[in-house]
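Residue-level structural notes
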Amino acid sequence: MGRSFANLHIKSSNLEKTVEALRELSEAHGEVLGKLNNEASEFKVVMYVSKSNENWISVLHDYFVWGTVKKIGRTLSRLIEEPVMTAAYMNEELFELSFFENGDIQAEKIFCEQWTRDEYEQLQEERLNEDYLQKALDIRNEDFDGFISITSPAQAVDKLSELVGMSLWSDWEWIPHQETLRERFEKYEF
């Protein structure tokens, strides 16, 4: 079993607006974050937020894993008028990149080797829309073609991190152990 992470990113430069949307997500839609209805007021939701660069705000939370982060991204995209990108990397076998706007999936790409697709029988993109991906990520044609053809999950994460100017290698569990993440992310309680 290898390294895994999941995170989400809002294509926005407005940190205050993003924090308010995360507050609304935590308070009104806590079930997507793993909160039971009767726990709604008992426990604070802790998120780590970083204005990664002028185009992206990154968010980490303990319930973000492969299989949950997409649902959270979809819900958050209904609350904020910005594209939401979710990234999930599982056991060094796959890297799933999904984009949502207004609660709808706009594009998705799963980076993995063919044997991984064969092993996970249902592993298919919900909506492969390369034009949307290129536009949302703001990647030049010549760079995008090379990026989209990558099959190694780790190489895809590295290349995307380089192309968008922020490290996607981040997870809430890593914060206590990595000084660069502690410096980059601020803790918010909702």
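Each chain has its residues counted from 1, following the order in which its sequence is written. The predicted origin of the model limits local features to residues at a pLDDT of at least 70 and limits the giving and counting of side-chain atom pairs to 80 or more, whereas totals for whole chains, interfaces and linings rest on all residues. Derived side-chain values reflect all non-hydrogen atoms in the structure, with water molecules and hydrogen atoms excluded from consideration.

A closer look at the packing of helix α1 (residues 15-28) against helix α2 (residues 69-79)
Which entries qualify depends on this criterion: Orientation is described by axes fitted as lines to C-alpha atoms, over the contacting stretch for helices, and by angles from 0 to 180 degrees between their N-to-C directions. Numbering of helices and strands runs from the N terminus, with a helix taken as a DSSP run of H or I at least four residues long and a strand as a DSSP run of E at least two residues long. Angles are sorted into four bins: roughly parallel if under 35 degrees, roughly antiparallel if over 145, roughly perpendicular if 65 to 115, and oblique for all others. Left-handed describes a crossing in which the near helix is turned anticlockwise from the far one by less than a right angle; the clockwise case is right-handed. The contact rule is simple, with two residues in contact once any of their heavy atoms fall within 4.5 Å.
Where α1 contacts α2, the axes come no closer than 9 Å and their chain directions differ by 120 degrees. Of the possible angle classes, the one that applies to α1 and α2 is oblique. Pair α1 / α2 crosses with right-handed handedness. The residues of α2 that touch α1, namely those facing A21, L22, E24 and L25, are I72, T75, L76 and L79.

Remarks on the pairing of strand β4 (residues 84-90)
Quick note on the threshold: Burial status follows relative accessibility: with a 1.4 Å probe on protein chains alone, a residue under 20% of its type maximum counts as buried, one over 50% as exposed, and anything between as partly exposed. We call two strands paired when DSSP finds no fewer than two bridges between them.
Taking burial as the measure, the seven residues of β4 include seven buried ones, the bulk of the element. Of the two faces of β4, the one carrying V84, T86, A88 and M90 and the one carrying M85, A87 and Y89 are both buried. As paired strands, strand β1 (residues 5-11) and β4 are joined by six bridges and run antiparallel to one another. Bridge assignment links I10 to a residue of β4, and that residue is V84. Two elements, β4 and strand β5 (residues 94-101), share seven bridges in a ladder whose sense is antiparallel. The residue bridging V84 from the neighbouring strand is F100, located in β5. Hairpin remark: β4 followed by β5, antiparallel, with three residues in the connecting loop; positive phi at N91, about 50 degrees.

As for the sheet that holds strand β3 (residues 56-60)
Sheets are built from strands that pair by backbone hydrogen bonding, the pairs being arranged parallel or antiparallel. Read from one edge of the open sheet, seven strands run β6-β5-β4-β1-β3-β2-β7, paired in antiparallel fashion. The open sheet has two free edges, formed respectively by β6 (104-112) and β7 (186-189), since each of these has just one partner strand. Taken pair by pair, the neighbouring strands of this sheet meet at an average axis angle of 25 degrees, ignoring direction. Where β5 meets β6, eight bridges bridge the pair, whose relative direction is antiparallel. The residue bridging L94 from the neighbouring strand is C112, located in β6. Lying on the sheet, α2 is in contact with β1, β4, β5 and β6; it crosses β4 at an angle near 175 degrees. Against the sheet, helix α6 (residues 153-164) makes contact with β1, β3, β4, β5 and β6, and its axis sits at roughly 45 degrees relative to β5, the strand it touches most.

Describing the environment of P83
The residue P83 is located in the loop between α2 and β4 in this model. Among the residues examined, P83 registers a relative accessible area of 14% and is labelled buried. The spacing of P83 and K11 is 72 residues in sequence and 5.5 Å in space, taken between C-alpha atoms. When neighbours within four sequence positions are excluded, P83 is seen to be in contact with H9, I10, K11, F100, E101 and Y132.

With respect to the nonpolar core
Our working definition: Among buried residues, the Ala, Val, Leu, Ile, Met, Phe, Trp, Tyr and Cys ones that are joined through side-chain atoms within 4.5 Å form a nonpolar core.
In terms of nonpolar packing, the biggest core is built from 32 residues, with F95, L97, F99, L137, F147 and L160 touching the most fellow members. Elements represented by at least two residues in this core include exactly β3, β4, β5, β6, α4 (130-137), α5 (141-148) and α6. Ignoring any residue separated from it by four or fewer positions in sequence, one finds L97 in contact with M85, T86, A107, E108, K109, F111, L133, L137, F147 and L160.

Thoughts on the environment of K44
For K44, the position within the fold is in the loop between α1 and β2 (46-51). Considered as a pair, K44 and E27 are 17 residues apart in the sequence and their alpha carbons are 9.4 Å apart. Excluding its chain neighbours within four sequence positions, the residues that come into contact with K44 are E189 and F190.

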